[in-house]
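Remarks on the overall topology
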Amino acid sequence: RRQRQMCIRDRFHLFLIIHSAFFLLILGYIDFDILAGSGDWLEYDHYAKIFANSIINSSGQALETIPAGKGYINLIGLIYYIFSNSLILAVMVNVFFVVTSSIILYVLLFLLFDQKVARIGLYLSAFFPLFMIYEISLLKECFIFFLMNSALLVTYQYIKNNNLGNLIKMLFIFTMIL
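As a starting point, this report considers the structure included with it. Note that the coordinates shown come from a computational prediction; the quantities given were computed from them, not determined experimentally.

This part takes up unusual backbone geometry. One non-glycine residue with positive phi stands out, namely Ser84, at about 50°. Considering the arrangement of structural elements, one finds Ser84 in the loop between α3 (70-83) and α4 (87-112). Residue class for Ser84 comes out exposed when judged on its relative accessible area of 61%. With a phi close to 55°, Asn85 is a non-glycine residue in the positive phi region. With respect to the element layout, Asn85 can be found in the loop between α3 and α4. For Asn85, a relative accessible area of 39% translates into the label partly exposed.

This structure, assessed with the given rule, holds 6 aromatic pairs. Judged by centre distance (5.9 Å) and plane angle (55°), the ring pair of Phe96 and Phe97 falls under tilted. Residue Phe97 is classed as buried on the basis of its relative accessible area of 7%. Consider the rings of Tyr106 and Phe110, whose centres lie 6.4 Å apart with planes at 15°: the pair is stacked. Of the two residues, Tyr106 and Phe110 both sit in helix α4, 4 residues apart, roughly one turn of that helix. According to the relative accessible area criterion, Tyr106 is buried, its value standing at 17%. In this structure Phe110 comes out as partly exposed when scored by relative accessible area, which is 42%. Its end group placed over the ring of Tyr80, Lys49 keeps NZ or CZ at 5.9 Å from the ring centre.

Each value, and the rule that gives it
- Here the residue numbers are simple positions, counted from 1 along each chain's written sequence.
- The predicted origin of the model limits local features to residues at a pLDDT of at least 70 and limits the giving and counting of side-chain atom pairs to 80 or more, whereas totals for whole chains, interfaces and linings rest on all residues.
- To get the side-chain values, all heavy atoms of the structure are used, and hydrogens and water are removed first.
- Note on conventions: DSSP H or I runs of at least 4 residues are helices, E runs of at least 2 residues are strands, and numbering of each starts at the N terminus.
- Only protein chains enter the area calculation, which uses a 1.4 Å probe; residues under 20% of their type maximum are buried, those over 50% are exposed, and those in between are partly exposed.
- Stacked, tilted and edge-to-face are the three classes applied to pairs of Phe, Tyr and Trp rings, where Trp contributes its six-membered ring and a pair requires centres within 6.5 Å; stacked means planes under 30 degrees apart, edge-to-face means over 60, and tilted covers the rest.
- A ring has a charge above it when a Lys NZ or an Arg CZ is no more than 6 Å from the ring centre and no more than 35 degrees off the ring normal.

Written out as structure tokens, the structure is:
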């Protein structure tokens, strides 16, 4: 009974940390308008809107050359296409990537070490100041962080289990990173 109470408390603690980080980020986005200014996020936003408009027009017209981050730009462009240029939903995708990456990191550290180390890793990744800024801007670093954590977990599972399915997942994730 005591172990079950500990498990429920730990799950609640994990849930509370992740959702607190999520709401703090949204509050920062709404109140402080960190997106104001210039930078890479404007370039990603620009090319994502061009991609979304090319889907809408279906003209077959060649897109402008996208310098870097084409997969991420296409993902944001699809969100713009589906939800009509909703910047807040594009930001939610970044929040999703960082929160999911924190959970993946927690699982990986739990498998490698113990719950105490995994919890510290979760706190550090959920409240890392640079990721808080990246989450609320349209920067591809959140997507890369997600892919790298996924690749680490799948690689660990492949090494531990020597399973062909994990090898295929690992190759797919490494291809996405490239």
